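In case you want the letters, here they are:
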Amino acid sequence: MSEQPTMNLTIDITVPDDIDPATGWATDRRLTTRLPMTLDQARRLRDLLDRELDPANSVRLANPTTVIWQTRSETTRTIGETLDRIGIDHDGLRIPDLNLVIVSWTIYPWPNW
């Protein structure tokens, strides 16, 4: 019997865009998806990101229930590669092929967040 999802992974991709000349604020575009995951997958993802994200380009935030990593990324192709490495099927996810983005990984302890 396989382990049931008890966790949630939220992936946010922030795409930098132009500066609004009227306000001076950036008009970034944000794409978000959520995936259920098992506790084992959450632990493997946590360990993988802690081990492999470049501290010069990343930040990790945590509280008693949630862990968030935010990192600058050359390409979104690393998202699929990372999901493959922890055993999450992403065939139907349709990850956009983008370059020079900010990727946020958030693990919540609720499968339906």
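Scroll up for the structure.
Only a predicted model underlies this, so the values are computations on that prediction, with no experimental measurement involved.

## Here's the deal with the overall build of the protein
At step 1: Helix and strand content of the protein: two helices and five strands.
At step 2: Secondary structure elements of the protein, listed N to C terminal, follow the sequence β-β-α-β-β-α-β.
At step 3: Once the C-alpha set of the protein is aligned to its principal axes, its extents read approximately 55 × 30 × 25 Å.
At step 4: Looking at the protein residue by residue over its 113 residues, the buried ones come to 36%.

## Observations regarding the packing of helix α1 (residues 39–52) against helix α2 (residues 77–86)
At step 1: Two numbers describe how α1 lies on α2: the axes approach to 9 Å, and their chain directions differ by 130 degrees. The pairing of α1 with α2 is recorded here as oblique in orientation. When you trace α1 past α2, the crossing you get is right-handed. Contacts from Q41, R44, L45, L48, L49, R51 and E52 in α1 reach T82, R85 and I86 in α2.

## Comments concerning α2
At step 1: Inspection of α2 places I79, G80, T82, L83 and I86 among the buried residues, and these make up the whole buried set. Considered in projection along α2, the buried side chains sweep an arc of 160 degrees and stay on one side of the axis.
At step 2: On its buried face, α2 sits against β1 (7–15), β2 (29–37), α1 and β5 (99–108).

## Quick notes on α1
At step 1: For α1, with 14 residues, the first-to-last C-alpha span of 20 Å sits near the 20 Å given by 1.5 Å per residue.
At step 2: Taken together, the buried residues of α1 touch β1, β2, β4 (67–75), α2 and β5.

## So, the side chain of T14
At step 1: Along the chain, the position of T14 falls in strand β1.
At step 2: Beyond its immediate stretch of four places on either side in the chain, T14 contacts D28, R29, R30, V101 and I102.

Procedures and definitions
Residues numbered from 1 in each chain as written. Predicted model: local features only at pLDDT ≥ 70, side-chain atom pairs only at ≥ 80, totals over all residues. Heavy atoms only, no water. Helix = DSSP H or I, 4+ residues; strand = E, 2+ residues; numbered from the N terminus. Buried < 20%, exposed > 50% of the residue type's maximum accessible area, 1.4 Å probe, protein only. Axes fitted to C-alpha atoms, helices over the stretch in contact; angles between N-to-C directions. Parallel < 35°, antiparallel > 145°, perpendicular 65-115°, else oblique. Left-handed = near helix turned anticlockwise from the far one by under 90°. Contact = heavy atoms within 4.5 Å. Arc of directions from axis to C-beta. Expected span 1.5 Å × (residues − 1).

Bear in mind that shape data such as this cannot, by itself, settle questions of function.
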